[in-house]
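Structural characterization, general
Below, each chain spelled out in residue letters.
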Amino acid sequence: MMKKTTFMGIIHGILALLFLFVMIIAWMPKDFQFWCLLSSVLLCIGNSYVLICYLERRPAHNSNPMDRSLFIPVAVEFIAVLCIAWYLPELVHHSCNKYLAAHVVVFVVSILVQLLLIRTRSENTAQEQHIFQKRWQRDESVSQWEKIQTALSGRSDCAALAKKIKEEIQYSDPMSSELLADLEEKIRTITDEVLELAENPGTSESEILRRQQQVLALVHERNDKCARLK
């Protein structure tokens, strides 16, 4: 991560030095318009590098489209600065205050849009993480019931019910509400107990069936409530 950030820092530094060199050589005289354009373009380059550092330090799974969108305001900001430099002075009759105010407006709007996009990215990342966690929990539960089904292969009724429960969980909606947290925790707890009973050869089949039926009823209740909460 540090190597990439350093490399991008060097690239941005080279771009800034090249622009500075061209401006000093080509722009005469060094008036207020020169200093405004020079400062604004250097700020655009710095803005781009700051965003790169932010994205490197706050990586997020599956966020490439959001990451790229952060640079759109910077690109618009750069184009706006160039347009202001070439066209605005005559429109404002070379008024320094109006010229500077136009630059300030461009950067303020750009920064506000970037902050909005960063917040949207953070919310999207949190939602992605929540979805990943819920799917992982469902897959773990399915895996547990596969183990239970295997452990109960010698007891046909129990194995058949284990398969049914596994399928109910496998095809259920992984997303739910915080209101169902206690119910889902209860399902996980009894599932652990069923796995322990299934791996114990001395456990009676009726006891395993009773526990399985409890889980199946809870899974049906959870799925029904989950559907009604959508």
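See the structure above.
Notes on the structure in this doc start here. Computed from a predicted model, the values in this text were never measured in an experiment.

Calculation rules
- Residues numbered from 1 in each chain as written.
- Predicted model: local features only at pLDDT ≥ 70, side-chain atom pairs only at ≥ 80, totals over all residues.
- Heavy atoms only, no water.
- Axes fitted to C-alpha atoms, helices over the stretch in contact; angles between N-to-C directions.
- Helix = DSSP H or I, 4+ residues; strand = E, 2+ residues; numbered from the N terminus.
- Parallel < 35°, antiparallel > 145°, perpendicular 65-115°, else oblique.
- Left-handed = near helix turned anticlockwise from the far one by under 90°.
- Contact = heavy atoms within 4.5 Å.
- Nonpolar A, V, L, I, M, F, W, Y, C, P; charged D, E, K, R; others polar.
- Salt bridge = Lys/Arg side-chain N within 4 Å of Asp/Glu carboxyl O.
- Buried < 20%, exposed > 50% of the residue type's maximum accessible area, 1.4 Å probe, protein only.
- Patch = residues over 30% accessible without salt bridge, like charges linked within 9 Å, V, L, I, M, F, W, Y side chains within 5 Å.
- Areas by Shrake-Rupley, 256 points an atom, 1.4 Å probe, with all protein chains shown as cover.

So, the packing of helix 6 (residues 156-170) against helix 8 (residues 205-229)
- Put simply, helix 6 and helix 8 touch, their axes get as near as 10 Å, and they point 15 degrees apart. Viewed along their axes, helix 6 and helix 8 adopt a mutual orientation that is roughly parallel. Here the hand of the crossing between helix 6 and helix 8 comes out left-handed. Side by side, helix 6 and helix 8 meet where D157, C158, L161, A162, K164, I165, E168 and I169 of the first sit next to E205, I208, L209, Q212, Q213, V215, L216, V219, H220 and N223 of the second.
- Residue composition of the contact of helix 6 with helix 8, by class: 10 nonpolar, four polar and four charged.

Remarks on the pattern of salt bridges
- Scanning the entire structure with this criterion turns up 11 salt bridges.
- In this structure, E123 engages R119 in a salt bridge whose closest nitrogen and oxygen atoms are separated by 3.4 Å. Here the residue E123 and the residue R119 both occupy positions in helix 5 (residues 96-151), the gap between them amounting to four residues, near one helical turn.
- On the basis of relative accessibility, which here comes to 58%, the residue R119 falls in the exposed class.
- The residue E184 makes a salt bridge to R222 at a minimum N-O spacing of 3.1 Å. Here R222 lies in helix 8 and E184 lies in helix 7 (residues 181-198), a separation of 38 residues in the sequence.

Description of a nonpolar patch on the surface
- Side chains of F32, L100, V104, V108, I111, L112 and L115 sit close together on the surface and give an oily, nonpolar patch of about 600 Å² of accessible area.
- Among the elements that line the nonpolar patch, the one with the most residues is helix 5, at six residues.
- Counting through the fold element by element, F32 comes out in helix 2 (residues 32-57).

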